[in-house]
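So the chains spell out like this:
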Amino acid sequence: MKIILNWLIGAGAVLLAAYVVPGILVSSFYIALIVAFIWGVMSFTIKPILNILTLPINILTLGIFSLVLNGLLFWFIASFVQGFEVDGFISAFLGAFVVAITSSILKAILIRD
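These remarks concern the structure in this document. Small disclaimer: the values here were computed from a predicted structure and weren't measured. (Residues numbered from 1 in each chain as written. Predicted model: local features only at pLDDT ≥ 70, side-chain atom pairs only at ≥ 80, totals over all residues. Heavy atoms only, no water.)

1. Notes on the packing of helix 4 (residues 65–80) against helix 5 (residues 89–110)
Where helix 4 meets helix 5, the closest approach of the two axes is 8 Å, and the angle between their N-to-C directions is 105 degrees. Looking at the two axes, helix 4 sits roughly perpendicular to helix 5. Contacts between helix 4 and helix 5 pair Leu-67, Val-68, Asn-70, Gly-71, Leu-72, Phe-74 and Trp-75 from the former with Phe-89, Ala-92, Phe-93, Gly-95, Ala-96, Phe-97 and Val-99 from the latter. (Axes fitted to C-alpha atoms, helices over the stretch in contact; angles between N-to-C directions. Helix = DSSP H or I, 4+ residues; strand = E, 2+ residues; numbered from the N terminus. Parallel < 35°, antiparallel > 145°, perpendicular 65-115°, else oblique. Contact = heavy atoms within 4.5 Å.)

2. What to know about the nonpolar core
With 27 residues, the main nonpolar core has Phe-74, Ile-77 and Phe-84 as its most contacted residues. Those elements giving two or more residues to this core turn out to be helix 1 (2–20), strand 1 (24–26), helix 2 (29–53), helix 4, strand 2 (84–86) and helix 5. Element by element, the count of residues in this core is highest for helix 2, at eight residues. If near-sequence neighbours (up to four positions away) are discounted, Ile-77 is found in contact with Val-35, Ile-38, Trp-39, Met-42 and Phe-84. (Core = buried A, V, L, I, M, F, W, Y, C linked by side-chain atoms within 4.5 Å. Buried < 20%, exposed > 50% of the residue type's maximum accessible area, 1.4 Å probe, protein only.)

3. A closer look at helix 5
For helix 5, built from 22 residues, the straight-helix expectation of 32 Å at 1.5 Å per residue is met to within 8% by its first-to-last C-alpha distance of 31 Å. For helix 5, the set of buried residues is Ser-91, Ala-92, Gly-95, Ala-96, Val-98, Val-99, Thr-102 and Ser-103. Looking straight down helix 5, one finds that the buried residues subtend no more than 165 degrees of arc, so they occupy a single side. Projecting away from the buried face of helix 5 at angles above 90 degrees are the exposed residues Ile-90 and Ala-108. (Expected span 1.5 Å × (residues − 1). Arc of directions from axis to C-beta.)

4. Focus on helix 4
With 16 residues, helix 4 ought to run about 22 Å at 1.5 Å a step, and its terminal C-alpha atoms sit 24 Å apart, in line with that. Within helix 4, burial applies to Phe-65, Leu-69, Asn-70, Gly-71, Leu-73, Phe-74, Ile-77 and Ala-78. Along its buried surface, helix 4 packs onto strand 1, helix 2, helix 3 (55–60), strand 2 and helix 5.

5. Let's talk about the environment of Ile-24
With respect to the element layout, Ile-24 can be found in strand 1. Dropping the residues within four chain positions of it, Ile-24 is found in contact with Ala-17, Ala-18, Phe-74, Phe-84, Glu-85, Val-86, Ser-91 and Gly-95.

6. Considerations on the side chain of Asn-58
Take Asn-58: it is sitting in helix 3. Overall, Asn-58 belongs to the buried group, its relative accessible area being 10%.

7. Thoughts on unusual backbone geometry
A negative phi angle characterises most non-glycine residues, just as the trans form characterises most peptide bonds. Phi is positive for Leu-62, close to 55 degrees, though the residue is something other than glycine. Secondary-structure assignment places Leu-62 in the loop between helix 3 and helix 4. Judged by relative accessible area, Leu-62 falls into the exposed class, the value being 76%.

8. As for the packing of helix 1 against helix 2
Running from amino to carboxyl end, helix 1 crosses helix 2 at an angle of 115 degrees, the nearest separation of the two axes being 8 Å. The pairing of helix 1 with helix 2 is recorded here as roughly perpendicular in orientation. Both helix 1 and helix 2 take part in a crossing whose hand is right-handed. The residues of helix 2 that touch helix 1, namely those facing Trp-7, Leu-8, Gly-10, Ala-11, Val-14 and Leu-15, are Phe-29, Ala-32, Leu-33, Val-35, Ala-36 and Phe-37. Partitioning the contact of helix 1 with helix 2 into residue classes produces 11 nonpolar, one polar and no charged. (Left-handed = near helix turned anticlockwise from the far one by under 90°. Nonpolar A, V, L, I, M, F, W, Y, C, P; charged D, E, K, R; others polar.)

Such coordinate-based values are descriptive only and should not be taken to indicate function.
Printed below as a string of structure tokens:
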């Protein structure tokens, strides 16, 4: 049940990012579910590897480079999901930031251990 709720929260956060950030287009809720699923899989598999590879830059920037990685992953997802468009890196960066903040807040409110 928690996994489905996490997935729905992620899809809602993607839709909110498309609504708030200019330059992001999500054609339907179904596409938002696909993007949320891919975002979760990438965050679980690829992002830890990228964090280890970019550890020196992360240390130098006090962790702010992680936001850049999130934006790049968000932009990368848009490159192969039809119906999900991101106009540029700034839109991807802001969209990933909105998704991360919204997901964190909603998970803290809705999901109890």
